[in-house]
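Structural features, examined
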Amino acid sequence: MPAVTTPPLAVADPRGWRLPGVANLHSHAFQRAMAGLAERGGGPQDSFWTWRETMYRIAARFDPDLLHAVATQLYLEMLEAGYTAVCEFHYLHHAPDGAPYATPTAMSDALVAAARDTGIRLTLLPVLYMAGGFDGRALADRQRRFAHDVDGYLRLLDALRARQDATLRVGCALHSLRAVPADAMRAVLSALPADTRVHVHVSEQLAEVEECVALRGARPVRWLLDHADVDAGWTLVHATHLDAGEIAGVAGSSATVALCPTTEANLGDGLFPLRAYLDAGGRWGIGSDSHVSVSPVEELRWLEYGQRLLAQRRNVAASAQIPSVGRTLLAAVADSAAASTGFDDSGSLWLDPHAPLLAGATVGDVADRWVFAGNRALVRDVEVGGVRVVVDGVHRDRDAIAGRFRNAMARLLAEG
Ligand code: NGQ
Ligand code: ZN
């Protein structure tokens, strides 16, 4: 069984019910600007891949200022919802035509500034993106701003690593097996300092599973396990489609799977085999990915409810050792945070002890009440690195940040 936090997860203190802050293991900050704007039917062929074209059209409008404004609002919302750290899977590196900015790290700098402005901890994951598919085809024009060669990518990592401090970690992200040729993957992995966190999108859509089998002779997770030293420093994002051997292989590797239930539902990805993965002792955490929702409770609720709908039974994540589903889910997320983010301490959040929904709550049921019946309004205070950034449900700079976000959205949408 996975390690379980032995002290109580929630403790009552004078400020309320205190729980560990939640790490958000997967974010593309710019996509917050399109939340709710890709929900118009274009026909029965609508899919992840047609959504991606909409996403690319919005991505093309971003510059460092817009990215800063959107990411700042997003990170503020994350903090108010109880997320204290975010792994930013960042691939909008260059200008839309693919030319580097005068300051090559300008887009990364915008994300670092957004995190510092809000007080969230940032694990910046600059993304290596080289090819348009498993066959190694060149990037399409709309993907050119994502591109690096191996040397350029390693230089970017070096430049960003020099800025690491108590609030910033820099890891490595491979966009996906389709976007990173095998030899480039090997070259990058062998050049990384020990202890670098590595994140990769894998096995999200059946089309990529089939293409990987056709071109690399194995399913993507199998291929990755066979071609890289996947260990506790790795985070496999989505890993939705797994066969029994892959479930055992990922669990046995001690890697963390980053599940993004609201985005995976929104994009029609499929359902992760949670029960089998838990039975194999697998580690997992959550991410809000495209940010159609910015709420750890909604991610966890969707995760459990998807499994209930599929299995037609209840309390799927519970076990004989820990019958509370909410506690099981929150403890798994707390236990996986450091391995994926590189930060040892996740900060704390306090649920409002005066909320009617928590009347009569006990140490044994407060996690279930929050995950299954509450929402972010129950989060009263949030503390990161000893600093209280959310007080009485409100981030210290909420109004100023929202004002800049509104201006940014007006500019972004005017360009449509
Ligand atoms: C991304 N998002 O990189 O933003 C991807 C879509 C792709 C998700 N996979 C693009 N949820 O995978 O090619
Ligand atoms: Zn993603």
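Look up: the structure comes first, before these words.
What you are looking at is a predicted structure, and each value in this text was computed from that prediction instead of being measured.

Calculation criteria
Residues numbered from 1 in each chain as written. Chains lettered and ligands numbered in written order. Predicted model: local features only at pLDDT ≥ 70, side-chain atom pairs only at ≥ 80, totals over all residues. Heavy atoms only, no water. Near = heavy atom within 4 Å. Polar contact = N/O pair within 3.5 Å; in protein donor to acceptor, adjacent residues only side chain to side chain. Areas by Shrake-Rupley, 256 points an atom, 1.4 Å probe, with all protein chains shown as cover. Helix = DSSP H or I, 4+ residues; strand = E, 2+ residues; numbered from the N terminus. Nonpolar A, V, L, I, M, F, W, Y, C, P; charged D, E, K, R; others polar. Core = buried A, V, L, I, M, F, W, Y, C linked by side-chain atoms within 4.5 Å. Buried < 20%, exposed > 50% of the residue type's maximum accessible area, 1.4 Å probe, protein only. Contact = heavy atoms within 4.5 Å. Donors = N, O, S within 2.8 Å, 3.2 Å for Na, K, Ca; no water. Axes fitted to C-alpha atoms, helices over the stretch in contact; angles between N-to-C directions. Parallel < 35°, antiparallel > 145°, perpendicular 65-115°, else oblique.

1. A few points about the site of ligand 1
The immediate surroundings of ligand 1 are formed by 14 residues, with Arg52, Tyr91, His175, Arg178 and Glu204 found nearest. The side chain of Tyr91 places a nitrogen or oxygen atom 2.6 Å from an oxygen atom of ligand 1. If ligand 1 stood free it would expose 340 Å²; the protein chains cover 100% of that surface. Looking at the shell around ligand 1 element by element, the count peaks at 4 residues for helix α1 (residues 48-59). For the shell around ligand 1, a count of residues per class yields 5 nonpolar, 5 polar and 4 charged.

2. Observations regarding the nonpolar core
Counting residues in each nonpolar core, the largest one holds 133 residues, and the members touching the most others are Phe62, Tyr75, Trp234, Trp284 and Leu351. The element contributing the most residues to this core is helix α2 (residues 64-81), with 9 residues. The contacts of Trp234, once residues within four sequence positions are left out, are Leu174, Leu189, Val198, Val200, Leu224, Ala228, Asp229, Ala255 and Thr256.

3. Examining the coordination of the zinc ion (ligand 2)
For the zinc ion (ligand 2), the full set of protein donor atoms is His26 (NE2), His28 (NE2) and His201 (NE2), and the range of their distances to it is 2.0 to 2.1 Å. Donor residues binding the zinc ion (ligand 2) come from one chain and are separated in sequence as H-x1-H-x172-H. Remark: His201 occurs in strand β8 (residues 198-202) and His28 occurs in the loop between β3 (22-27) and α1; sequence separation between them is 173 residues.

4. Some thoughts on the packing of helix α12 (residues 325-341) against helix α13 (residues 366-373)
Where α12 contacts α13, the axes come no closer than 7 Å and their chain directions differ by 85 degrees. The angle between α12 and α13 places the two elements in the roughly perpendicular class. Here Val325, Gly326, Arg327, Leu329 and Leu330 of α12 lie close against α13, whose contacting residues are Ala367, Asp368, Trp370, Val371 and Phe372. Looking at side-chain class alone, the contact of α12 with α13 contains 7 nonpolar, 1 polar and 2 charged residues.

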